[in-house]
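Single-letter residue listing:
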Amino acid sequence: MSGLYDLAALSARDVAALREAFLAEAALVADAGGVVPCVLRVHLARASLTAR
């Protein structure tokens, strides 16, 4: 597997805004105990080369 991620630091203001937006959206799907469901879709492919 391989992946490419472009990582950069965010300002404290941007982090606070993202956290606030996430918590507002997460509250809509959280259960009574505060647990938020998490889903991750993964696509895998496999290839193999054979000698001719």
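Quantities reported herein were computed from a predicted structural model and do not represent experimental measurements. (Residues numbered from 1 in each chain as written. Predicted model: local features only at pLDDT ≥ 70, side-chain atom pairs only at ≥ 80, totals over all residues. Heavy atoms only, no water.)

1. Some points on the overall build of the protein chain
Assigned secondary structure in the protein chain consists of one helix and zero strands. Computed over its C-alpha atoms, the radius of gyration of the protein chain comes to 19 Å, more than 25% above the 10 Å expected for a compact globule of 52 residues. For the C-alpha atoms alone, the extent of the protein chain along its principal axes is close to 60 × 30 × 10 Å. About 5,800 Å² of surface is accessible on the protein chain, with carbon and sulfur atoms providing 60% of the total. Distance from the positive charge centre (5 side chains) to the negative charge centre (5 side chains) of the protein chain: 18 Å. (Helix = DSSP H or I, 4+ residues; strand = E, 2+ residues; numbered from the N terminus. Rg over C-alpha atoms; globule rule 2.2 N^0.38 Å. Areas by Shrake-Rupley, 256 points an atom, 1.4 Å probe, with all protein chains shown as cover. Lys, Arg positive; Asp, Glu negative; His and termini not counted. Charge placed at Lys NZ, Arg CZ, Asp CG, Glu CD.)

2. As for a nonpolar patch on the surface
A cluster of nonpolar side chains, Leu10, Val15 and Leu18, forms an exposed patch at the surface whose accessible area comes to about 250 Å². As for its position among the elements, Leu18 is in helix H1 (residues 12-29). (Patch = residues over 30% accessible without salt bridge, like charges linked within 9 Å, V, L, I, M, F, W, Y side chains within 5 Å. Salt bridge = Lys/Arg side-chain N within 4 Å of Asp/Glu carboxyl O.)

3. Remarks on H1
The terminal C-alpha atoms of H1, which comprises 18 residues, lie 26 Å apart, in line with the 26 Å expected from a rise of 1.5 Å per residue. Counting buried positions along H1 gives one out of 18 residues, so the element sits mostly on the surface. (Expected span 1.5 Å × (residues − 1). Buried < 20%, exposed > 50% of the residue type's maximum accessible area, 1.4 Å probe, protein only.)

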